[in-house]
Amino acid sequence: MPMMKIFKTFAGILLTITMLLSCSPRDRYISITGYAQGGTYTVKMNLNGKDGMIRTSPEVIKESIDSILNDIDNSLSGYNRNSLLSRFNNGETIEPDSIFIDIFNHAVRIYDETGGIVDAGSGPLFDLWGFGFKSGDLPSDEKVAEVMKACGMKRMFPHIEDGIRQDGSLEGISMLMCEKGKFEGVPPLPTLNYNAIAQGYSCDLVAEYLYSIGVKDMLVDIGEIFCDGVNPSGQPWSLGIDRPVDGNNELGAQLQGIFRAPAGPHGIVTSGNYRKFYIRDGKKFAHSIDPRTGYPVTHNLLSATIVAADGLTADAYATYCMVVGLEESMKLLDSRPDLEGCLIFDEDGTFKTWCSEGFVLEEI
């Protein structure tokens, strides 16, 4: 789950629809898998829905899920050169679709809520350090200061609709608020990066579709998790929390513990600094970058697992925690009844775990 969000053009379709054990004679669980966002996705669901057996066939459900994920890729992928996001970041005029508009407005809300700590407008900063859509590596202090001038959702209108022309077109220059005196000549165009929220958002859109056809028990796994209802055994969905060992790239290979999701709909997202990083001159540079300073974080928080009402919110606040560190993350979770979380940190070379009151981790 903590893996950096990677969006790529779909390479094909992996069709796997398998039956799972059922907790009652009427229940009929299936598992659907396919390719998405540089990896695979898995959707587990009960065909016994809220109003009886779901009439939509598993094959049609798979086609619909693939279509949703393909639409997200074509809209938001920074690795798909023809996506709306790539073209917008390149300064082209685009016609934004509903996904592009929706996630921009979510990104503004998250930016405001987090005081700029989760900032989709800091794309150039992530590119500079090599954790965005372009190559980069260990920039100078002067370069960091220069690039930071071109970053921030604060540079843009708070509502994307304000920049869309009457013909439905949009370009970066039309989104910039007045910045007289800050730049010589034409100011840098905005460069957006939704890696902090896009996978959680993808889970939400797939879940929204499943709800629309009557599904009540589901687990959507697209690198991040959304779940609701119960598993085939009639119990809460259980999820492994990976042990944040540097280079632990195999999901589930080394677990810190097991978390059983509470009743109701929840997004569950883990962010960490143990899978995407590089080392230069003996120093580790991880992909969690603080937009306020322009530099990768150096604190002792190794991973943050956040539970929220939806995937996008869980995704955003998992990133938030990895930016602000252990103490501020604990304060956040103690002050927000709508969030639960598990923080794994280093204390003198030993892994330690702190969980909020509503997060029960069964340690292994």
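Note that the structure is predicted; figures quoted are calculated from it, not measured. (Residues numbered from 1 in each chain as written. Predicted model: local features only at pLDDT ≥ 70, side-chain atom pairs only at ≥ 80, totals over all residues. Heavy atoms only, no water.)

In this section: the overall build of the protein chain. The helix and strand inventory of the protein chain stands at 8 helices and 18 strands. A burial count over the protein chain gives 53% of its 364 residues as buried. Taking the contacts inside the protein chain whose residues are at least 6 apart along the sequence as the reference set, 63% of them involve residues at least 24 apart. Carbon and sulfur atoms form 50% of the exposed surface of the protein chain, whose accessible area is close to 16100 Å². (Helix = DSSP H or I, 4+ residues; strand = E, 2+ residues; numbered from the N terminus. Buried < 20%, exposed > 50% of the residue type's maximum accessible area, 1.4 Å probe, protein only. Contact = heavy atoms within 4.5 Å. Areas by Shrake-Rupley, 256 points an atom, 1.4 Å probe, with all protein chains shown as cover.)

Here we come to the pairing of strand β6 (residues 218–221). Examined bridge by bridge, strand β3 (residues 39–46) and β6 share 4 bridges and lie antiparallel to one another. Bridge pairing in β6 links Val-43 to Val-220. As defined by bridge partners, β6 adjoins strand β7 (residues 225–228) across 4 bridges and the pair is classed as antiparallel. Its bridge partner being in β7, Met-218 is matched across the sheet by Asp-228. Hairpin remark: β6 followed by β7, antiparallel, with 3 residues in the connecting loop; positive phi at Gly-223, about 85 degrees. (Pairing = 2+ DSSP bridges.)

Before going further, it helps to examine the sheet that holds strand β8 (residues 238–242). Spatially, 3 strands are ordered β8-β9-β18 in an open sheet, and the strand pairing comes out antiparallel. Both outer strands of the open sheet, β8 and β18 (361–363), are each paired with one neighbouring strand and no more. Strand-to-strand twist in this sheet, taken as the mean axis angle between neighbours without regard to direction, amounts to 30 degrees. One ladder, built from 3 bridges, connects strand β9 (residues 255–260) with β18; its direction is antiparallel. By the bridge assignment, Gly-257 is partnered in β18 with Glu-363. (Axes fitted to C-alpha atoms, helices over the stretch in contact; angles between N-to-C directions.)

Next up on the list: the pattern of salt bridges. The full count for this structure, using the stated rule, is 10 salt bridges. Measuring nitrogen to oxygen at the nearest pair gives 2.1 Å for the salt bridge that ties Glu-171 to Arg-165. Look at Arg-165 and you get partly exposed, because its relative accessible area is 37%. (Salt bridge = Lys/Arg side-chain N within 4 Å of Asp/Glu carboxyl O.)

Moving on, we come to helix α7 (residues 311–324). Between its terminal C-alpha atoms α7 stretches 20 Å, which fits the 20 Å expected from 14 residues at 1.5 Å a residue. With 14 of its 14 residues buried, α7 lies for the most part within the structure. The N-capping residue of α7, defined by a side-chain oxygen 3.2 Å from the backbone nitrogen of Leu-312, is Asp-310. Phi for Gly-325, located one or two positions after α7, is positive at around 95 degrees. (Expected span 1.5 Å × (residues − 1). Polar contact = N/O pair within 3.5 Å; in protein donor to acceptor, adjacent residues only side chain to side chain.)

A two-sided burial pattern is seen for β7, the buried positions comprising Ile-225 and Cys-227 on one face and Phe-226 and Asp-228 on the other. As paired strands, β7 and strand β10 (residues 266–272) are joined by 3 bridges and run antiparallel to one another. Following the sheet pairing, Ile-225 is matched in β10 by Ile-268.

Time to look at the packing of helix α3 (residues 98–113) against helix α6 (residues 198–212). The interhelical angle for the contact between α3 and α6, taken along N-to-C directions, is 125 degrees, at an axis separation of 12 Å. One element, α3, and the other, α6, form an angle in the oblique class. For the pair α3 and α6, the crossing hand works out as right-handed. Along the contact surface, α3 presents Ile-99, Asp-102, Ile-103 and His-106, while α6 presents Ala-198, Tyr-201 and Leu-205. Here the contact of α3 with α6 is composed, by residue class, of 5 nonpolar, 1 polar and 1 charged. (Parallel < 35°, antiparallel > 145°, perpendicular 65-115°, else oblique. Left-handed = near helix turned anticlockwise from the far one by under 90°. Nonpolar A, V, L, I, M, F, W, Y, C, P; charged D, E, K, R; others polar.)

So, on to the state of the cysteines. Counted under the stated rule, the structure contains 0 disulfides. Considering cysteine sulfurs only, Cys-355 is the nearest to Cys-342, which forms no disulfide, with 3.6 Å between them. (Disulfide = S-S within 2.5 Å.)

Relative to the elements of secondary structure, Asn-80 occurs in the loop between α1 (58–76) and α2 (84–89). A polar contact is formed between the side chain of Asn-80 and the backbone nitrogen of Asn-82, at a distance of 3.0 Å.

Turning our eyes to something else, we now look at the packing of aromatic side chains. Think of a pair of aromatic rings as described by two things: how far the centres are apart, and how the planes are tilted against each other in angle. Taken as a whole, this structure holds 6 aromatic pairs when the rule is applied. Look at Tyr-29 and Trp-237: their rings are 6.4 Å apart centre to centre, the planes differ by 65 degrees, and that puts the pair in the edge-to-face class. Of the two residues, Tyr-29 sits in strand β2 (residues 29–36) while Trp-237 sits in the loop between β7 and β8, which places them 208 residues apart along the sequence. Across the pair, Trp-237 and Tyr-29 agree in class, each one buried. Ring geometry for Tyr-317 against Tyr-320: centres 5.7 Å apart, planes inclined by 55 degrees, an arrangement best described as tilted. You can see Tyr-317 and its partner Tyr-320 sitting in helix α7, 3 residues apart, about one turn around the helix. (Phe/Tyr/Trp six-rings, centres within 6.5 Å; stacked < 30°, edge-to-face > 60°.)

Formed by 76 residues in total, the largest nonpolar core has its most connected members in Phe-100, Tyr-194 and Leu-210. When residues of this core are assigned to their parent elements, the largest contribution, 10 residues, is made by α7. When residues no more than four places from it in sequence are discounted, the contact partners of Tyr-194 are Leu-76, Leu-85, Ile-103, Phe-104, Ala-107 and Ala-120. Counting 15 residues, the second largest nonpolar core, distinct from the first, contains Tyr-29, Leu-219, Ala-261 and Leu-361. (Core = buried A, V, L, I, M, F, W, Y, C linked by side-chain atoms within 4.5 Å.)

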